[in-house]
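Below, each chain spelled out in residue letters.
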Amino acid sequence: MAYAYLFKYIIIGDTGVGKSCLLLQFTDKRFQPVHDLTIGVEFGARMITIDGKQIKLQIWDTAGQESFRSITRSYYRGAAGALLVYDITRRDTFNHLTTWLEDARQHSNSNMVIMLIGNKSDLESRREVKKEEGEAFAREHGLIFMETSAKTASNVEEAFINTAKEIYEKIQEGVFDINNEANGIKIGPQHAASNATLAGNQGGQQAGGGCC
Amino acid sequence: MFGRSRSWVGGGHGKAARSIHSLDHLKYMYHVLTKNTTVTDHNRNLLVETIRSITEILIWGDQNDSSVFDFFLEKNMFVFFLNILRQKSGRYVCVQLLQTLNILFENISHETSLYYLLSNNYVNSIIVHKFDFSDEEIMAYYISFLKTLSLKLNNHTVHFFYNEHTNDFALYTEAIKFFNHPESMVRIAVRTITLNVYKVDNQPMLHYIRDKTAVPYFSNLVWFIGSHVIELDNCVQTDEEHRNRGKLSDLVAEHLDHLHYLNDILIINCEFLNDVLTDHLLNRLFLPLYVYSLVNQDKGGERPKISLQVSLYLLSQVFLIIHYAPLVNSLAEVILNGDLSVFSSKVEQDIQRSSAKPSIRCFIKPTETLERSLEINKHKGKKRLQKRPNYKNVGEEEEEERGLEDTQEDADKVKGTEGSSKGIKASGENEEIEMVIMERCKMSELSISTVTEQNTTDEEKSAAASGSEMTNWSRPFLDMVYNAQDCAEDDYYALFVLCLLYAMSQNKGIDPDNLERIQLPAQHAEEKSSYNHVLAERLIRIMNYAAQPDGKVRLATLELGCLLLKQLVLSKSGSIIKDVHLACLEGAREESVHLLRHFYKGEEIFLDMFEDEYRSMTNKPMNVEYLMMDASILLPPTGTPLTGIDFVKRLPCGDVERTRRAIRVFFMLRSLSLHLRDEPETQLPLTREEDLIKTDDVLDLNNSDLIACTVITKDGGQVQRFLAVDIYQMSLVEPDVARLGWGVVKFAGLLQDMQVTGVEDDSRALNIIIHKPASSPHSKPFPILQATFIFSDHIRCIIAKQRLAKGRIQARRMKMQRIAALLDLPVQPSTEVMGFGHSSASASQHLPFRFYDQSRRGSCDPTVQRSVFASVDKVPGFAVAQCINQPNPSPLSSPSPSSSGSGSTGHCDSVTASSTSTPSAAHSPSVDDSSAPEQPPMTFSSQVMLVDETSSAASKSVKNPVKNPEVETANLSPSLIPAQQPTISLISDDNTDALSVESLTLVPPIDPHSIHTFSCIPQSSLPSEVCGVTEGEGSDQSQQADYDEQ
């Protein structure tokens, strides 16, 4: 399928916060959330549209690889966006955010867009972390914030798409070097040609603006 | 269970009679599959949805109802998947199948369910299926599927994937074929899979990995890494104007990724895999490419080479990241002790135990692709096993290995005594797999040198360490390492060499004895009595260069040099540095003091910079690993901050940075010198936390000046307090109930960081802000106090204002004097702020007590244009006079006869003059005099005096008659003598030697007319001063006392 850009995301956060469920929720609408079924996936891809452009999101869950330093390092570096997830019903997952963030900032490229996600917002009765706390943390560290529920699919769509919008804006601003795939951004097949010429005068011009 | 589930779904779906999640539904799905065994355009959608639903039901079953799984297995439904797959049914179906498999294996929670799924060989059939890998989505799903499977590997499940009898391990062999896939996420997944495999402690499987796959995989991997390195080197060599930095930093990050990956393999500590890997890394990459390039820069030749800086940089990374002893020891051995013979097969008298072929360490492309090698190995499998029974029998092997281990330890102990006879085999042809299995005991004896170092004396060792005395013993790599430390031109290479030495000394894997040969002690070395003189001298030379005004040594280099020198000469019992070296070092330190004196200014900002540099230096000591992650140091050192390169990793740009650099050099060398002389630091930091008044301290305030006030904080809080001003701090106290005349401190803040402004419509009120100095460059300055103080009447208010102002000046001046003392400058004896008397009342009418440089604080008054060094002290009568190397200052020390009475005292030559608020004086000057940096400095101060009162001119002339004519001219017709003016430009100061003009800012009012005369001066005066004047709201005065240091 043709796309203008491909953005690579990673999902990070403690185990059991619902990363892979979020991923499946977003990438595959056919799996309806059901209360007695917990189901997730480690990789997913989906097409979205931003500003009239087809953008493919490719999301890689990093679960289970924490023990290898080389792996986490490389994952961070190869992504344009990261969803940092905690569980609003488990305080400790929130407390670990600083470590996750430090790690991410240490290894990622400085332009990576990070979205903070408080998951399991459907479990209001068991809530341990106030929404305000999440907001404050996000503000303090310059992240976008959202509470989601993989169970009810609430805000899941928005979380992924808002992150993509942010990345897209950065591309428009010329912050991301789109010709460098190491940033986690890839130009779509049919765009590659037009962008080769654009690469030269990129800067003031909106890259890719008039090419399709 | 069913009932519940059905009713739940039924509620949601109304009519739907059958629950989606149920055994019944799975049965129905089975029925659909049996009816649609052939994929056609018509049933494609139906099939995809069916497969998807089956996934969902299976997971549901795993979590809720195990009978679902039983049915799935009983009907062998996996076969349908495989059948569909084999029909080349197209992307749509393929992706769905792969997603299903991913979900299936990821979500299965019961071990038994997992075993069921794996029990027939279907999964392996799917793994080896030839998907269309050109499709990036299929590729991504496929590799994720393998990754998911690899995460399920353990000692039990491994048997479902690795078949001992057929020598099949599809999961692993299929995965590694993608090790160099262009898509980074795929490569990462491959690495994850391999690591997950190596982690499983299953001997037969690991033996298979080593015997059948290790050589092809590792040789290709090493080639892949090497190719990246060549590309990286190209990038460095073809760089113009730092344009390649983006690409370069990617390539560097890629190399780091590889090293971390290799290290992750090595620390799994699977010995015999490590042997193969070590062999390849050493003999196919590190030695022939990295180390070889250390000495063969000029010669042409066939062998691939990289530039010296890249080679040093990469080797540092290797030693910083990899700590696996056999590898790092061998590598260090060659660098420190080896010679070129390690690269020629002739000299090497290796007895090739397992191969008759000569081994040449060479960076060459593997003769065939990884895929092909794997293919060949697979077919050769059985036969070879028979040929080489050693690797067949697990138990035997283990025993043998233990034996080898012991041997190696012994070998290590006597290392060096029998060094020449053994060496490492380089691998033979790729298909000759067994040949390359390394003899572990040879690992540490790479060296060809036969020097026995067992019974040498320290002196001999020292000579050996220097490498110069020994005939017939060339150590080209070590020589190069020493030589590259030369910083006369620049420190491009020196930085890398220091990093390399540092990394080696910190490496936990390197045998301390190895380092001892060049007397480079490991970090926590034992008692020692000698050290490497050559190295020490080189290091001290770097320090000497760094302290030169035009030294091209970056701060990072200097800091690293200090670190290394400390490590070199400090032993447990203290410093063992030789007097002569210490003397040289003291010389360097002395130089740094001289250097800093040139920059010592009376201006506020100097103090702030001084303290700020100290803070940032102590808060953020250098992290060499981070330093070596920065690709920007690979490009030639540059000065401009426009590159975005950190200050410490480049040369200074402009005078502000030159000042910062001088300050840092001073700090580092001072600290080093104190350290080596084993003396404690008593002077720095200027403000020690423990000396300060803290909240809740109880003070005796009898006989102290206290002013009652109401403090209204920003958030509206209101409290009654007494304001007390101490030497360095202001504090707000409340009476101590226990003792009369004592007070409890409720707030204390540094006067030097205080900002006081009047309140426009309330003459009884003051706004006071105290900022805490930023702890890191990223954090915003954070006010620890921001409040309005209301006093009982305007008199008290003015008193308070004056007291704070005076206190602030005093505090800063005292600190400046302490800096002066540190720099061995004569200290001003006067501790009191003079001339505060008359002028202050009038001044305060005009002057908002703006203590802070506005531009620095980020306030944006567009009319304010000043250099960074602008005078910011608007308090009348404040002068910081300086005498530098002035042998006889006394005759001139009479108080300046300023007419306005704001007689600040200038000692020596530095004099305070007064000027009034005529703005013209302020505006005439400009920065343009920066064009004449080399003009002879003159005693500027005398001129200034003249403007004021003739008497002062007279007094000046006593001291400096030579200048008199000039001075007179200046007085009469100043515009005639612009060329004579001293150039004190902070901006243009190219040659800090020639111009060491100390600026002095002081601002008592003077007669308006005198300003006219004065106005010539700005033509050439300090931009800083000038700008300072510009800033004033018509009441600014400026005064300048400058003079040359000679």
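Residues numbered from 1 in each chain as written. Chains lettered and ligands numbered in written order. Predicted model: local features only at pLDDT ≥ 70, side-chain atom pairs only at ≥ 80, totals over all residues. Heavy atoms only, no water.

A. Region of the structure containing the overall build of chain B. Along chain B, the regular secondary structure elements total 38 helices and 14 strands. Each of the 1046 residues in chain B was classed as buried or not, and the buried ones make up 58%. Here the analysis covers contacts within chain B between residues at least 6 apart in sequence; of these, 74% occur between residues at least 24 apart. (Helix = DSSP H or I, 4+ residues; strand = E, 2+ residues; numbered from the N terminus. Buried < 20%, exposed > 50% of the residue type's maximum accessible area, 1.4 Å probe, protein only. Contact = heavy atoms within 4.5 Å.)

B. Structural view of the confidence of the model for chain B. Residue and element names in this part refer to chain B. Scored by pLDDT, chain B comes out at a mean of 69, with 63% of its residues at no less than 70. Within the model, pLDDT remains below 50 along residues 381-472, and this stretch shows 180 contacts once partners closer than five positions in the same chain are excluded. Note on residues 830-1046: pLDDT under 50 across the span, and 437 contacts to partners over four residues away in sequence or across chains. We note a pTM of 0.70 for the whole complex and an ipTM of 0.88 for its interfaces. (pLDDT = per-residue confidence, 0-100.)

C. Fine view of the environment of N544 of chain B. Residue and element names in this part refer to chain B. Along the chain, the position of N544 falls in helix 24 (residues 533-546). Judged by its relative accessible area of 25%, N544 is partly exposed. In this structure the C-alpha to C-alpha distance between N544 and A583, which are 39 residues apart in sequence, comes to 12 Å. For N544, the residues in contact, after removing those within four places along its chain, are C584, G587, A588 and E591.

D. Quick peek at unusual backbone geometry. Here the phi dihedral of A153 of chain A falls at roughly 65°; this positive angle occurs in a residue that is not glycine. Look at N269 of chain B: it is not a glycine, yet its phi comes out positive at around 65°. In this structure, N269 of chain B sits in the loop between helix 14 (245-268) and helix 15 (271-295).

E. The arrangement of the environment of E371 of chain B in detail. Within the fold, E371 of chain B resides in helix 18 (residues 370-387). For E371 of chain B and F178 of chain B, which are 193 residues apart along the polypeptide, the C-alpha to C-alpha distance reads 9.4 Å.

F. Quick look at the pattern of salt bridges. Using the criterion set out here, one finds 48 salt bridges over all chains in the structure. For D211 of chain B, the salt bridge goes to R210 of chain B, with nearest N and O atoms at 2.9 Å. In terms of burial, D211 of chain B and R210 of chain B fall into one category: buried. R554 of chain B serves as the salt-bridge partner of D491 of chain B, at 2.9 Å between the closest nitrogen and oxygen. One end of the pair, D491 of chain B, is in the loop between helix 21 (476-483) and helix 22 (492-506); the other, R554 of chain B, is in the loop between helix 24 and helix 25 (555-569), with 63 residues separating them in the sequence. Each member of the pair, D491 of chain B as well as R554 of chain B, is classed as buried. The network of salt bridges with shared partners includes R73 and R77 of chain A together with R187, R191, E254 and D257 of chain B. (Salt bridge = Lys/Arg side-chain N within 4 Å of Asp/Glu carboxyl O.)

G. Representation of helix 5 (residues 131-141) of chain A in the model. All names here are of chain A. Along helix 5, the positions that sit buried rather than exposed are G134, F137 and A138. Down the axis, helix 5 shows its buried residues gathered within 95° of arc, on one side only. Among the exposed residues of helix 5, those pointing more than 90 degrees away from its buried face are R139 and E140. In the core, the buried residues of helix 5 are packed alongside strand 4 (81-87), helix 3 (91-95), helix 4 (97-107), strand 5 (113-119) and strand 6 (144-147). (Arc of directions from axis to C-beta.)

H. View of the packing of aromatic side chains. Residues and elements named next belong to chain B. Per the counting criterion, the structure on display carries 40 aromatic pairs over all chains. Ring plane angle 45° and centroid distance 5.2 Å describe the contact between F286 and Y290, whose orientation is recorded as tilted. In this pair, F286 and Y290 both sit in helix 15, four residues apart, roughly one turn of the helix. No difference in accessibility class separates F286 from Y290, as the two residues are buried. Seen from their ring centres, Y614 and F667 are 5.0 Å apart, and the 80° between their planes marks the pair as edge-to-face. A residue pair is termed long-range when its members are at least 10 positions apart, and Y614 in helix 27 (residues 604-619) and F667 in helix 29 (residues 654-676) qualify at 53 residues. Exposure remark for F667: the relative accessible area of 2% places this residue in the buried category. (Phe/Tyr/Trp six-rings, centres within 6.5 Å; stacked < 30°, edge-to-face > 60°.)

I. Region of interest: the side chain of T93 of chain A. Residues and elements named next belong to chain A. Secondary-structure assignment places T93 in helix 3. At 2.9 Å, the side chain of T93 and the backbone nitrogen of D87 are in polar contact. When neighbours within four sequence positions are excluded, T93 is seen to be in contact with D14, V17, Y86 and D87. (Polar contact = N/O pair within 3.5 Å; in protein donor to acceptor, adjacent residues only side chain to side chain.)

J. Geometry of the domain arrangement of chain B. Residue and element names in this part refer to chain B. Domain annotation for chain B reports domain 1 (17-201), domain 2 (214-345 + 360-379 + 473-484), domain 3 (531-677) and domain 4 (697-823). The distance between the C-alpha centroids of domain 2 and domain 3 comes to 32 Å. Taken together, the contact pairs 18 residues of domain 2 with 19 residues of domain 3. Summed over both sides, the interface of domain 2 with domain 3 buries roughly 1,600 Å², with 70% coming from carbon and sulfur. Of all residues in domain 2, H242, Y313 and Y482 bury the most surface against domain 3, accounting for 41% of the area lost on that side. Here domain 2 and domain 3 share zero salt bridges between them. Scanning the region where domain 2 abuts domain 3 turns up three residue pairs in polar contact (both at pLDDT 80 or more). The class makeup of the residues in the side of domain 2 that touches domain 3 is nine nonpolar, seven polar and two charged. (Domains from an automatic or database assignment. Buried area = accessible area lost by both parts, 1.4 Å probe. Nonpolar A, V, L, I, M, F, W, Y, C, P; charged D, E, K, R; others polar.)

K. Looking closely at the UniProt feature "domain: FPL" (unreviewed entry) in chain B. Residues given the UniProt feature "domain: FPL" (unreviewed entry) here are residues 51-198 of chain B. The span residues 51-198 of chain B carries 72% helix and 3% strand; its end-to-end C-alpha distance comes to 33 Å. (UniProt positions renumbered as here; feature names shortened; annotations may be inferred.)

L. The arrangement of the side chain of S219 of chain B in detail. All names here are of chain B. Here S219 is to be found in helix 13 (residues 203-237). Taking the relative accessible area as the measure of exposure, S219 reaches 5% and is therefore buried. A polar contact of 2.7 Å, which involves the side chain of S219, links it to the backbone oxygen of V215. Of the polar contacts made by the side chain of S219, one reaches the backbone oxygen of P216; its length is 3.1 Å.

M. Structural detail: the layout of surface pockets. Taken as a whole, the second largest pocket encloses approximately 740 Å³ of empty space. Every residue lining the second largest pocket is counted, 34 residues in all, and those nearest its centre are G18, K19, S20, C21 and T38 of chain A. Counting only elements with at least two residues in the lining of the second largest pocket, the list comes to helix 1 (19-27) of chain A together with helix 6 (91-107) and helix 9 (136-151) of chain B. Take the lining of the second largest pocket: its biggest share by element is five residues, from helix 1 of chain A. A per-class count over the lining of the second largest pocket returns 12 nonpolar, 13 polar and nine charged. (1 Å grid on protein atoms, 1.4 Å probe; cavity = no way out; pocket = protein on both sides within 12 Å on 5 of 7 lines; lining within 4 Å. Points joined across faces, edges and corners; volume = space filled by probe spheres on them.)

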